[in-house]
Every structure is written in C-alpha cells, then in structure tokens.
Amino acid sequence: MKKKANAPLMIVFVGCAVLALSVTVFAAYFAKGVFKDVFVNKRDCFSANVLYNIDSLDGTKREVGSSGNPREIIIYNHDVSSGDFNSFDITVDVYAWLDGELPQGKTYTLYDNAGNPVLIDKTGHTEPVFRNLMLPGGRRSTVNLRLDFGFSENEDVTGWPGVHIVAVPSAPERMTGTFLGAVIRPSGTEEFAVNYGFDSSIGEPEQYAAFTYQVSTAGNAPEGDSLVIKWNSKALQLIKMNGVYSDSLEITEIAEGEFDSQIVWDIQSNHTDSFVFFRNAENDMWQTGDPGWELINEQVTVEHIQKS
C-alpha cells in the first residue's frame, strides 16, 4: 500500500522535473536569441512605399528622389510582403518640413487623402501638418498623400531643398513611438533609384534570430533591367521573400567573395520586396557578442543589372 501511495507523488515529481527542464532549455534558447524574435519582432502593421522606419522624428532618414512631379506617398495598415492587416484602426499624424530655403517664387504643397492642401514652406516642425488621418482596421487600407514641388518637366531643380516627411500613429497608444520617414528631393522624371538595407529600428541585433531586409525602388524602372540580391549563407539563411518560403524560390549558388547565394528578378517601378533572414548561429560573427548592424549589412548586397 505504501508503494501505491507514493506512485502519484512520483508522477508529480517527474512531471515537475520535466517542466523545469523544458523551461530551462527554452530560457537558454531565448537568451541566445533563437526564439526571442517570436516575442520581440512581432509588431503591428504600419508601413509605406517611400517612407522607412526611423527611431524618432529627427532620426536619420534615407533620401529619396521624387522621380518627377508630383510624388505620391502611400501609407499602409498592412504588411506589404505578406498582406497581413490590422484588425484595429490606426490614426496617423504627418509632419513635413524643408531642409533648406525655397527658390524665389516657388512653393511646395502636400495634399491629404481628401485633396486638402498644406503649404510646406518652413524648416520647423513643432506641429503636424495633418492630424488623425485614418487607416481603418479589418481590411487593407491606405492613406495617400501627394507632394507637389511645383516644377515643370524641363526645369532645373538643382539645389532645391528636400522635404522631410514623417508619419507617426497618434492611436493606438502602443504605436505612438513608431516613426516612418524620408527626405524627398525634387528630381527629374528619368531618375530611378534602388534603396535597400536591414530594418535596424528593431534594436540591438544580438537580441534577434530573424532580420527583415527590404529592397525598394523609386521612379520608373528601366524596361528589361533586373535586380540581384546576393548574400553570405554561412552567416545568414534566407527564410522568406515576399511571404514565400525559400524552398519555393529559385536560389542560385555563386562564388563572389563572401557571397555564395543569389536571387534574380525583373525590376519593378515604385515597388518594395521584403526578405526575412535567420542568422546562422554556428558562424563566428554570432559567437563574439553583438556584431552590429554595419557588419550584418555586409553579408547582403543588391545590384541593379542594366539590360545589355
């Protein structure tokens, strides 16, 4: 009888021991960043076509050419790579200011979704130019802005100031610290630019197992041209491109210095492609603490291949 009485206690003891071991193992992986991205990388959907994640209103911004006049700016409540959208509403404030003096007699005008105009003629930005623009939840929705620089097709815009554009949610409260921004400079219709890089706004890279890399084009893409993304698979493993897992993608092996893998695709106008890379934890760069975003960026490169 005594042995039978101890049996349930033994089962409970073994169960607790297994649970404790599982928690310990999970905590070890979490500390190494293997699972931490599941908790930390998950963010509410808030993106744009020519605005990029920045850390504050006055944070460092990418410079983007207008590729003619005017320039459309689209803000999304969904993930452009996966199509996932928020179930809740987002309201957005938009700030806009100049980084220099306007030429004599020239004006810049920013229009909201409803076509309401605001003159952009100051270098200060203590208040937003548009407040509480709505991104309704439960479906994919956008806010479309239009920035008119007021130049004609053949006009020389050399030296004209750029416009800082920053969008920041005013609600829900948990998203009020999220900023999307860029400096948009007036440029001719023939200009075409490719921007690329990891989203470094998430924090220190040592805390994450997965990293998002975005390749964006601005302007009209030259017909027949291609984009090539190359990476070092010994350091970073490609998991997804535009929501499609790597097993379904056409990846080519190469031998160009540290780069040993690549993807080639037709270039598109005013477009964004999103990649997700996992770190290869066996690589030495991950064994010496935080490698820093500069070193991580060196593991991936993008080339614009022009039609011969």
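Residues numbered from 1 in each chain as written. Predicted model: local features only at pLDDT ≥ 70, side-chain atom pairs only at ≥ 80, totals over all residues. Heavy atoms only, no water.

Brief notes about the overall build of the chain
Put simply, the rule reads: Strands here are runs of E lasting at least two residues and helices are runs of H or I lasting at least four, both read from the DSSP assignment and numbered beginning at the N terminus. Relative accessibility decides the category of a residue: with a 1.4 Å probe and only protein chains considered, values under 20% of the type maximum give buried, values over 50% give exposed, and everything between is partly exposed. Note on contacts: a residue pair is in contact if any heavy atoms of the two residues lie within 4.5 Å. Accessible areas in this description were obtained via Shrake-Rupley with a 1.4 Å probe; residue shielding takes into account the shown protein chains only.
The helix and strand tally for the chain stands at three helices and 20 strands. In the chain, which comprises 308 residues, the proportion classed as buried is 43%. Counting only contacts in the chain whose residues sit at least 6 apart along the sequence, the fraction spanning at least 24 positions is 78%. When the accessible area of the chain is evaluated, it comes to approximately 16800 Å², of which 50% is carbon and sulfur surface.

Points about the layout of surface pockets
The condition is simple: A pocket, in this scheme, is an open set of points on a 1 Å grid over the protein atoms alone with protein on both sides within 12 Å along at least 5 of 7 lines, while a cavity is a set where a 1.4 Å probe fits but cannot get out; residues line either one if an atom lies within 4 Å of a point. Grid points are joined across faces, edges and corners, and a volume is the space filled by probe spheres set on the points. Under the grouping applied here, Gly and all other residues not named as nonpolar or charged are polar, the nonpolar ones being Ala, Val, Leu, Ile, Met, Phe, Trp, Tyr, Cys and Pro and the charged ones Asp, Glu, Lys and Arg.
Its volume calculated, the second largest pocket comes out at about 450 Å³. Lining the second largest pocket we find 17 residues, and of these Asn-53, Arg-62, Phe-198, Ser-200 and Ser-201 sit closest to its centre. In terms of residues, the lining of the second largest pocket owes the most to one element, strand S2 (residues 52-54), which gives three residues. Split by residue class, the lining of the second largest pocket holds four nonpolar, nine polar and four charged.

Looking at the environment of Asp-225
This is how the line gets drawn: As used in this structure description, the phrase polar contact means that two N or O atoms lie within 3.5 Å; if the pair is within protein, one of them must be able to donate a hydrogen and the other to accept it, and residues adjacent in sequence are counted only when both atoms belong to side chains.
As for its position among the elements, Asp-225 is in the loop between strand S13 (210-218) and strand S14 (226-231). For Asp-225, a relative accessible area of 5% translates into the label buried. Asp-225 sits 42 residues away from Ile-267 along the chain, and the two C-alpha atoms are 5.8 Å apart. Asp-225 has contacts with Asp-266, Ile-267, His-304, Ile-305, Gln-306 and Lys-307, leaving out every residue within four places of it along the chain. Side chain to side chain, Asp-225 and His-304 meet in a polar contact 2.8 Å long.

Things to note about the sheet that holds strand S6 (residues 108-111)
This is how it is decided: DSSP-based pairing: two strands are paired if at least 2 bridges between them are found.
What the five strands build is an open sheet, ordered S1-S4-S9-S6-S7; its pairing is antiparallel. Two strands close off the open sheet at either side, each with one partner strand: strand S1 (47-48) and strand S7 (117-120). Relative to strand S4 (residues 71-76), S1 runs antiparallel, the two being bridged by two bridges. Looking across to S4, one finds that Ala-48 is bridged to Ile-75.

With respect to the sheet that holds S14
The criterion, for reference: Every axis corresponds to a line fitted to the C-alpha atoms, with the helix fit spanning only the stretch in contact, and the corresponding angles, defined between N-to-C directions, vary from 0 to 180 degrees.
As summarised here, the arrangement of the four strands in space is S17-S18-S14-S20, forming an open sheet in which the pairing is antiparallel. Only two strands of the sheet have a single neighbouring strand rather than two, namely strand S17 (252-256) and strand S20 (300-305). Within this sheet the neighbouring strands show an average axis-to-axis angle of 30°, counted without direction. In terms of strand pairing, S14 meets strand S18 (residues 259-266) through six bridges, oriented antiparallel. Along S18, the bridge assignment pairs Val-228 with Val-264.

Remarks on the packing of aromatic side chains
As a reminder of what qualifies: Between the rings of Phe, Tyr and Trp (Trp by its six-membered ring), a pair exists once the centres lie within 6.5 Å; its type follows the angle of the planes, with under 30 degrees stacked, over 60 edge-to-face, and the other angles tilted. Only when the NZ atom of a Lys or the CZ atom of an Arg is both within 6 Å of the ring centre and within 35 degrees of the ring normal do we say a charge sits over the ring.
According to the stated counting rule, one finds 13 aromatic pairs in the structure shown. Centroid distance Phe-211 to Trp-293: 5.5 Å. Interplanar angle 85°. Geometry classified as edge-to-face. With Phe-211 in strand S13 and Trp-293 in helix H3 (residues 292-297), this residue pair connects regions lying 82 residues apart in the sequence. Neither residue differs from the other here; Phe-211 and Trp-293 are each classed as buried. With a centroid separation of 5.8 Å and 70° between ring planes, the pair formed by Trp-231 and Phe-277 is classed as edge-to-face. On the criterion of sequence distance, the pair formed by Trp-231 in strand S14 and Phe-277 in strand S19 (residues 272-279) is long-range, its members being 46 residues apart. The same class applies to Trp-231 and to Phe-277, which are both buried. One aromatic cluster in this structure is built from Phe-198, Phe-211, Tyr-213, Trp-231, Trp-265, Phe-275, Phe-277, Trp-286 and Trp-293. Looking at Arg-62, its charged tip hangs above the ring of Tyr-52, at a distance of 4.0 Å from the centre. For Arg-146, the ring lying beneath its charged end belongs to Tyr-111, and the centroid distance is 4.2 Å.

Some points on the nonpolar core
The condition that has to hold: Working definition of a nonpolar core: buried Ala, Val, Leu, Ile, Met, Phe, Trp, Tyr and Cys residues. They are joined through side-chain atoms within 4.5 Å.
Core analysis: the largest hydrophobic core is formed by 35 residues, its most contacted members being Leu-51, Leu-110, Val-163 and Ile-165. Counting residues in each nonpolar core, the second largest holds 25 residues, with Leu-227, Trp-231, Ile-263 and Ile-296 among its members.

Focus on the side chain of His-164
Tracing the chain through its elements places His-164 in strand S10 (residues 163-171). By relative accessible area, His-164 is classed as buried at 15%. At 3.4 Å, the side chain of His-164 and the side chain of Lys-61 are in polar contact.

Notes on the pattern of salt bridges
Here is the rule we go by: Each reported salt bridge corresponds to a side-chain nitrogen of Lys or Arg within 4 Å of a carboxyl oxygen of Asp or Glu.
What the rule picks out here adds up to nine salt bridges. A salt bridge links Arg-185 to Glu-63; the shortest N-O distance between them is 3.1 Å. Taken as a pair, Arg-185 in strand S11 (residues 179-185) and Glu-63 in strand S3 (residues 63-65) lie far apart in primary sequence, 122 residues in all. The salt bridge partner of Asp-99 is Arg-185, with a shortest N-O separation of 2.5 Å. Residue Asp-99 is located in the loop between strand S5 (90-98) and S6, and its partner Arg-185 is located in strand S11; the two are separated by 86 residues in the primary sequence. Overlapping salt bridges, with partners in common, bring together Glu-63, Asp-99 and Arg-185 in one network.

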